[in-house]
Amino acid sequence: METRAATYRHCEIKNGKIILNGKLLFEKADVPFAKFIKSAYKHFELAYPKFHKMDRLCKLAFVTANLLLNNQLEGYASEDIGIVMSNSNSTLHTDSKHSKSIIDKDNYFPSPAVFVYTLPNILVGEISIKYKIKGESVFFVSNEFNKDMMIEYSEDMIACGDAKICMTGWVDYTEADYHSIIYLIK
Amino acid sequence: MAKTTIYITADNIISPLGFTSQDNVEKISRGQTGVKCHSDKAIYPSPVWVSKISDKLLNDAVRQLSNWRNYTKLEQLFLLSISKASQQVALNVSSKDTLIIIASTKGNINLLENPETMDFPKNRVQLGTMAGQIQAYFKNPNTPLVVCNACISGVLALDVAKRLLAKNKFKNIIVTGGDLVTEFTVSGFQSFKAMSDAPCKPYDKNRVGINLGEGVGTMILSTTPPNNKETHITIEGSASSNDANHISGPSRTGEGLFLAIKKALKAAKIKPSGIDYLSMHGTATPYNDEMECKALGLADLLSIPMNSFKGYIGHTLGAAGLIESIIAIHSLKNNTLYPSFGFEELGVTLPINVITKISEKELHRCLKTASGFGGCNAAVIFEKQTETSI
């Protein structure tokens, strides 16, 4: 399965590095995530104002998806593009942010702009809006990235005609660490 | 590829209306609602209208679980519901042929709110760790799948189960969905100004928003029909879609939901006229309900009798798709259409057929839909098979 996964186009971001199909595209080590992802956004001239409103998990997913896709979806109908995503910490970072806003009853300030990012499939929504993707999608949460199962699930979706191409992967963010890897299955 | 028939062999609902599907359907047939005004500072600083399971009833019920103190409230609900459903068909939950799929939006999020008062390790807030507790309780060898996909999680979990059963990966899949009413979600929906200050009124002219609800719904899906039952319910088709429009606002056109409905009908190989009843998402927010009527217009389903169960049990988030699907399949089995609670005067722009009176009708097929944040939509079609039709 490792070899089969590697045959699909894939983009990975971890430890301050962005890697496309095993090739280093961008590196900015030893800076906090927020600074790193902003540098990448600028470096690749992604120019998408909505990016600045996203939470960190969505920013990570968005940059990964952008570099992975890069015109790869041309020729596919919106409803034929599927997305199968997963992570382990769901939206924990933003959950904590929302939670902090409601601890003090005398200083109670829950915000819809934060709360909306307390669902992990929002990152699927953000990618779908940018690329006009309207096909089947699902977000799984598991402690480990079950790459084989996810790739097989996506291949099945394509085999039974429910999608013609599928973005499949893992996008996880916590205060302590981050990791994304997305495959393009066709 | 030959189509695998997928049977729903057992089901359970735990909600404020009762701890079995029958209790819930019975209360709904009598027009009772679990939505009440709660003045509880642990939920929200000011009074809110939500559908919440009584702590006393739950505490009495959990004593049938072994080591019940080791589990969080939501875990207890999952364990109870799965136990009750699997006992109906004497399912071997610890078999390698059985998979558990869990649908939840926020899982044990209440642990994040009050870590100092809780006796559970911090990692129980992770859905995968919560799922591991449920797996271990039943000694099931397969790592459960967790579907966390906003308000369509429940319907989508059925779609995932259908795919895995069609691949013959498992013989039985337990699909369970659950979420709690917590200050986390109440304050979030309040900040969106999306909450109703009375029992919600889906599709009504005076609807103002949702009531949150808590509960768990469990279905057992199988590739073999249940023994000794004349009537079987099968899943004929399911699909999901994305609006690709806005992360929190429903689509103005209903095209995304229409796409999911269209795909589900195509998978089931039936025409819109083959649907007898629609169990809709109907959250009672102005935009959602309007979006749904547009989708039904596009799908040529405006005349089909329809309802939303949100007025009875609130919006149970990750559980909604399962609890509401279970009530819908009991509708099919009982040949009974239940009124859409809270509806008085049509408040959407197309002439949908909202059920206002409990009535008997021969029912064969039901379409269930769900839509949620992130622009996601899902649809599933249930069919009643009687011995003579097989």
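As a starting point, this report considers the structure included with it. A quick note: this is a predicted structure, and the numbers were derived from the prediction, not measured. (Residues numbered from 1 in each chain as written. Chains lettered and ligands numbered in written order. Predicted model: local features only at pLDDT ≥ 70, side-chain atom pairs only at ≥ 80, totals over all residues.)

### Details of the overall build of chain B
Heads up, the rule is: In this text, helices come from DSSP runs of H or I with a minimum length of four residues, and strands from runs of E with a minimum of two, each type numbered from the N-terminal end. We compute the radius of gyration over the C-alpha atoms and compare it with the globule rule, which gives 2.2 Å times the number of residues raised to the power 0.38. We call a residue exposed when 12 or fewer other C-beta atoms sit within 10 Å of its C-beta, buried when the count reaches 20 or more, and partly exposed for counts in between; the C-beta positions come from the backbone. Contacts are defined on C-beta atoms placed from the backbone: any two residues whose C-beta positions lie within 7 Å are in contact.
Check the secondary structure of chain B and you find 11 helices and 16 strands. For 390 residues, the compact-globule formula gives about 21 Å, and the C-alpha radius of gyration of chain B, at 19 Å, lands near that figure. Among the 390 residues that make up chain B, the fraction classed as buried is 61%. Across chain B, contacts joining residues at least 24 apart in sequence account for 78% of those joining residues at least 6 apart.

### Topic: the pairing of strand β5 (residues 137–141) of chain A
Counting buried positions over the 5 residues of β5 of chain A gives 5, a clear majority of the element. Burial of β5 of chain A is two-sided: the residues Ser137, Phe139 and Val141 of chain A facing one way and the residues Val138 and Phe140 of chain A facing the other way are all buried.

### Considering unusual backbone geometry
Positive phi outside glycine occurs at Ala47 of chain A, with the angle close to 40°. Tracing the sequence through the fold places Ala47 of chain A in the loop between α2 (33–43) and α3 (56–69). Since 8 C-beta atoms lie within 10 Å of it, Ala47 of chain A is described here as exposed. Although it is not a glycine, Ala244 of chain B adopts a positive phi angle of roughly 50°. As for its placement among the helices and strands, Ala244 of chain B is situated in the loop between β9 (231–242) and α8 (255–268). The exposure class assigned to Ala244 of chain B is buried, which follows from the 22 C-beta atoms found within 10 Å.

### A word on the packing of helix α6 (residues 153–166) of chain B against helix α11 (residues 320–334) of chain B
All names here are of chain B. This is how it is decided: Helix axes are fitted only over the stretch in contact, all axes being lines through C-alpha atoms; the angle between N-to-C directions runs from 0 to 180 degrees. Should an angle fall under 35 degrees it is called roughly parallel, over 145 degrees roughly antiparallel, and 65 to 115 degrees roughly perpendicular, with every other angle called oblique. Three categories are distinguished: nonpolar for Ala, Val, Leu, Ile, Met, Phe, Trp, Tyr, Cys and Pro, charged for Asp, Glu, Lys and Arg, and polar for the others, with Gly belonging to the last.
Where α6 meets α11, the closest approach of the two axes is 5 Å, and the angle between their N-to-C directions is 75°. Of the possible angle classes, the one that applies to α6 and α11 is roughly perpendicular. For the pair formed by α6 and α11, the contact residues are Ser153, Gly154, Val155 and Leu158 on the first element and Ala320, Gly321, Leu322 and Ser325 on the second. Split by residue class, the contact of α6 with α11 holds 4 nonpolar, 4 polar and no charged.

### Topic: the nonpolar core
Convention followed: For this analysis, nonpolar core means a set of buried Ala, Val, Leu, Ile, Met, Phe, Trp, Tyr and Cys residues linked through C-beta atoms within 7 Å. Residue ranges for the domains trace back to a domain assignment, done automatically or taken from a database.
Core analysis: the biggest nonpolar cluster contains 174 residues, and Ile101, Val147, Val175, Ile261 and Ala264 of chain B have the highest contact counts within it. Per element, the largest residue contribution to this core is 10 residues, and it comes from α3 of chain A. Here this core gathers at least three residues from each of two domains, domain 1 (6–222) and domain 2 (233–389) of chain B. Sequence-distant contacts of Ala264 of chain B, defined by excluding residues within four places in its chain, comprise Gly237, Ser238, Ala239, Leu367, Ala379, Val380 and Ile381 of chain B.

### Digging into the interface of chain A and chain B
Of the residues lining the interface, 41 residues belong to chain A; the matching set on chain B comes to 42 residues. Sorting the residues of the side of chain A that touches chain B by element identifies α4 (92–100), α5 (112–115), α6 (122–131) and β5 of chain A as the ones contributing at least two each. By residue number, the principal contributor to the side of chain A that touches chain B is α6 of chain A, which donates 6 residues. Residues of the side of chain A that touches chain B, tallied by class, amount to 17 nonpolar, 16 polar and 8 charged.

### Topic: α6 of chain A
Counting buried positions along α6 of chain A gives 7 out of 10 residues, so the element sits mostly inside the fold. Among the residues of α6 of chain A, Ile122, Leu123, Val124, Gly125, Glu126, Ile127 and Ser128 of chain A are the ones counted as buried. Next to the buried residues of α6 of chain A lie α3, β4 (81–87), β5 and β6 (165–173) of chain A together with β9 of chain B. With its phi angle positive at about 50°, Lys132 of chain A sits one or two positions after the end of α6 of chain A.

### Looking at the sheet that holds strand β2 (residues 35–38) of chain B
Residue and element names in this part refer to chain B. The condition is simple: Pairing between strands is defined by DSSP: at least two bridges between them are needed.
Read from one edge to the other, the open sheet built from 3 strands follows the order β2-β3-β7, with strand pairing classed as mixed. Of all strands in the sheet, those with a lone pairing partner are β2 and β7 (212–213), marking the two edges. Pairing of β2 with strand β3 (residues 48–51), which is carried by 4 bridges, proceeds in the antiparallel orientation. The partner of Val35 across the bridge, within β3, is Ser51.

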